[in-house]
Amino acid sequence: MESNVLVFEFSKLAWEVAAPGARFKAFRQNGKQLRLVEFTKDFVELHWCEKGHIGIVLSGELEVEFRNHVLRYPEGSAIFIQSGSENGHKARAITPTVRLFLVEEA
């Protein structure tokens, strides 16, 4: 019987640059992706992100501006942002570097 369980290591994946101050490593399968994301204070999100994100802040502190409020996510905080324009958001690093683990639609 074949197993659907998979093991992979982020350390074996190359960093991809998303924008100045933002990079990630991603594993994609069956319409989902696991991403290790790193933001620095140089990252500026120009447009509202409307994608959903579920994950955890592994290190540092992240601030997320929503259309009508701002939330801070310190190290160890869980993130659950549903997709949609009503949940539009922009992220920025409060500490010099923030590292996140996210589970998302690919």
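Please refer to the structure placed before this passage.
The present account deals with the structure reproduced in this document. Everything quoted here is computed from the prediction, not taken from an experiment.

1. Section: the pattern of salt bridges
In total, this model carries 9 salt bridges according to the counting rule given. The shortest N-O distance in the salt bridge between Glu 9 and Lys 12 comes to 3.6 Å. The class for Glu 9 is partly exposed, based on a relative accessible area of 42%. Residue classification places Lys 12 among the exposed positions, given a relative accessible area of 65%. As a salt-bridge pair, Arg 72 and Glu 63 come within 3.2 Å of each other at their nearest N and O atoms. Owing to a relative accessible area of 13%, Glu 63 belongs among the buried residues under this scheme. What you see here is one network of salt bridges that share partners, running through Glu 61, Glu 63, Arg 72 and Arg 92.

2. Topic: the packing of aromatic side chains
Evaluated as defined, the whole model comprises 4 aromatic pairs. For the pair Phe 8 and Phe 10, a centre-to-centre distance of 5.0 Å together with 75° between the ring planes defines the contact as edge-to-face. An aromatic cluster is defined as three or more aromatic residues linked by ring pairs; in this entry it consists of Phe 8, Phe 10, Phe 27 and Phe 101. Geometry around Trp 15 places Arg 23 over its ring, the cationic atom sitting 3.8 Å from the centre. If you follow Arg 35 out to its NZ or CZ, it ends over the ring of Phe 24, 5.3 Å from the centre.

3. Considerations on unusual backbone geometry
Of note, Asn 30 is a non-glycine position whose phi angle comes to about 55°, a positive value. Position of Asn 30 among the secondary structure elements: in the loop between β2 (22-29) and β3 (32-40). Among the residues examined, Asn 30 registers a relative accessible area of 72% and is labelled exposed.

4. Focus on the sheet that holds strand β6 (residues 70-73)
Taken together, 3 strands build an open sheet; the order of strands is β6-β5-β8 and the sheet is antiparallel. The open sheet terminates on both sides in strands that have one partner only, identified here as β6 and β8 (89-93). Taking the axes of each pair of neighbouring strands and ignoring which way they run, one obtains an average angle of 20° across the sheet. Relative to β6, strand β5 (residues 62-66) is paired through 4 bridges, and the arrangement is antiparallel. If you follow Val 64 over to β6, its bridge partner there is Leu 71.

5. Description of the sheet that holds strand β1 (residues 16-19)
A sheet is described by the order of its strands in space; here 6 strands give the open sequence β1-β2-β3-β9-β4-β7, paired in antiparallel fashion. A strand with exactly one partner marks an edge of an open sheet, and here the two such strands are β1 and β7 (78-81). Taken over all neighbouring pairs, the strand axes of this sheet differ in orientation by 25° on average, direction set aside.

6. With respect to a nonpolar patch on the surface
Together, Ile 54, Phe 80 and Val 103 make up an exposed nonpolar region whose accessible area comes to about 280 Å². By the secondary structure assignment, Ile 54 is in strand β4 (residues 53-59). Among the residues examined, Ile 54 registers a relative accessible area of 43% and is labelled partly exposed.

Criteria and thresholds
Residues numbered from 1 in each chain as written. Predicted model: local features only at pLDDT ≥ 70, side-chain atom pairs only at ≥ 80, totals over all residues. Heavy atoms only, no water. Salt bridge = Lys/Arg side-chain N within 4 Å of Asp/Glu carboxyl O. Buried < 20%, exposed > 50% of the residue type's maximum accessible area, 1.4 Å probe, protein only. Phe/Tyr/Trp six-rings, centres within 6.5 Å; stacked < 30°, edge-to-face > 60°. Lys NZ or Arg CZ within 6 Å of the ring centre and 35° of its normal. Helix = DSSP H or I, 4+ residues; strand = E, 2+ residues; numbered from the N terminus. Pairing = 2+ DSSP bridges. Axes fitted to C-alpha atoms, helices over the stretch in contact; angles between N-to-C directions. Patch = residues over 30% accessible without salt bridge, like charges linked within 9 Å, V, L, I, M, F, W, Y side chains within 5 Å. Areas by Shrake-Rupley, 256 points an atom, 1.4 Å probe, with all protein chains shown as cover.

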